[in-house]
Amino acid sequence: MKDIFIDDFQYVVDDLLIRNKSILDSLTKFSESAARVNRSIIKSVTNCGCIRINAKKQEIPIDVSLKEAKKYLKTHVEGQLCENCRDLIEKEIGSTLFYLASICNTLDLNLYDIIIKEIERMKTLGEFNLR
């Protein structure tokens, strides 16, 4: 079912994309939309204030395993997104997904297959797939 949903999304993108059909247009729109995601998150902090970023050096004890280290790491985000900021960020992420699907369409790649391959890589490498 999920594969049909992602494939359907990719087909709809292909049907709707008219003006920015060139790979160059898709690449620049993808970069622009990713920047808009960042900007929306930053505006949630600086304009709305529904979330705060309290960043400092991550401190991990030397004697812990990689699995245990995860519980010492922080996101640096405090608070919760308000409904308005959440809606805006979701819209911007949706736009980013649109242009990602557009790039996949132009290069004859299947987004669902890419996701499955990435899941398999992550499962195979496990904790050695650190990012």
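Everything in this summary refers to the structure shown in the same document. (Residues numbered from 1 in each chain as written. Predicted model: local features only at pLDDT ≥ 70, side-chain atom pairs only at ≥ 80, totals over all residues. Heavy atoms only, no water.)

## Description of the pattern of salt bridges
Part 1 of the argument: Applying the stated rule across the entire model yields five salt bridges.
Part 2 of the argument: For R36, the salt bridge goes to E92, with nearest N and O atoms at 3.3 Å. One end of the pair, R36, is in helix α2 (residues 23-48); the other, E92, is in helix α4 (residues 83-106), with 56 residues separating them in the sequence.
Part 3 of the argument: Its relative accessible area of 43% is what places R36 among the partly exposed residues.
Part 4 of the argument: On the basis of relative accessibility, which here comes to 4%, the residue E92 falls in the buried class.
Part 5 of the argument: A salt bridge links R52 to E78, with the shortest nitrogen-to-oxygen separation between them at 3.6 Å. Of this pair, R52 sits in strand β1 (residues 51-53) while E78 is found in strand β2 (residues 77-79), placing the two residues 26 residues apart along the sequence. (Salt bridge = Lys/Arg side-chain N within 4 Å of Asp/Glu carboxyl O. Helix = DSSP H or I, 4+ residues; strand = E, 2+ residues; numbered from the N terminus. Buried < 20%, exposed > 50% of the residue type's maximum accessible area, 1.4 Å probe, protein only.)

## A closer look at the nonpolar core
Part 1 of the argument: Counting eight residues, the largest nonpolar core consists of I6, V13, L17, F98, Y99, A101, C104 and L111.
Part 2 of the argument: Elements supplying a minimum of two residues to this core: α1 (2-16) and α4.
Part 3 of the argument: Examining the composition of this core, we find that four residues originate from one element, α4, more than from any other.
Part 4 of the argument: The residues contacting L17, other than those within four sequence positions of it, are S26, F98, Y99 and S102. (Core = buried A, V, L, I, M, F, W, Y, C linked by side-chain atoms within 4.5 Å. Contact = heavy atoms within 4.5 Å.)

## Some points on helix α5 (residues 111-125)
Part 1 of the argument: Compared with the 21 Å implied by 1.5 Å per residue over 15 residues, the 21 Å span of α5 between its first and last C-alpha is a close match.
Part 2 of the argument: The backbone nitrogen of Y112 lies 3.0 Å from a side-chain oxygen of the residue at the head of α5, namely N110.
Part 3 of the argument: Following α5 by one or two positions, G126 has its phi on the positive side, about 55°. (Expected span 1.5 Å × (residues − 1). Polar contact = N/O pair within 3.5 Å; in protein donor to acceptor, adjacent residues only side chain to side chain.)

## Side note on a nonpolar patch on the surface
Part 1 of the argument: Together, I115, I116, I119 and M122 line one region of the surface with nonpolar side chains, adding up to about 280 Å² of accessible area.
Part 2 of the argument: Looking at where I115 falls in the secondary structure, it is placed in helix α5. (Patch = residues over 30% accessible without salt bridge, like charges linked within 9 Å, V, L, I, M, F, W, Y side chains within 5 Å. Areas by Shrake-Rupley, 256 points an atom, 1.4 Å probe, with all protein chains shown as cover.)

## Re the side chain of S102
Part 1 of the argument: You can see S102 is positioned in helix α4.
Part 2 of the argument: In contact with S102, not counting residues within four places along its chain, are V13, L17 and S26.

## Some points on the packing of aromatic side chains
Part 1 of the argument: Applying the stated criterion across every chain, the model contains one aromatic pair.
Part 2 of the argument: Their ring planes at 80° and their centres at 5.0 Å tell us that F98 and Y99 sit as a pair that is edge-to-face. You'll find F98 and Y99 in the same group, each marked buried. (Phe/Tyr/Trp six-rings, centres within 6.5 Å; stacked < 30°, edge-to-face > 60°.)

## Examining the packing of α2 against α4
Part 1 of the argument: Packing of α2 against α4 leaves a shortest axis separation of 9 Å and a crossing angle of 165°. Viewed along their axes, α2 and α4 adopt a mutual orientation that is roughly antiparallel. Along this stretch, α2 crosses α4, giving a crossing that reads as left-handed.
Part 2 of the argument: In terms of residue class, the contact of α2 with α4 is built from 14 nonpolar, eight polar and three charged. (Axes fitted to C-alpha atoms, helices over the stretch in contact; angles between N-to-C directions. Parallel < 35°, antiparallel > 145°, perpendicular 65-115°, else oblique. Left-handed = near helix turned anticlockwise from the far one by under 90°. Nonpolar A, V, L, I, M, F, W, Y, C, P; charged D, E, K, R; others polar.)

Limitation: the analysis is restricted to geometry and does not speak to function.
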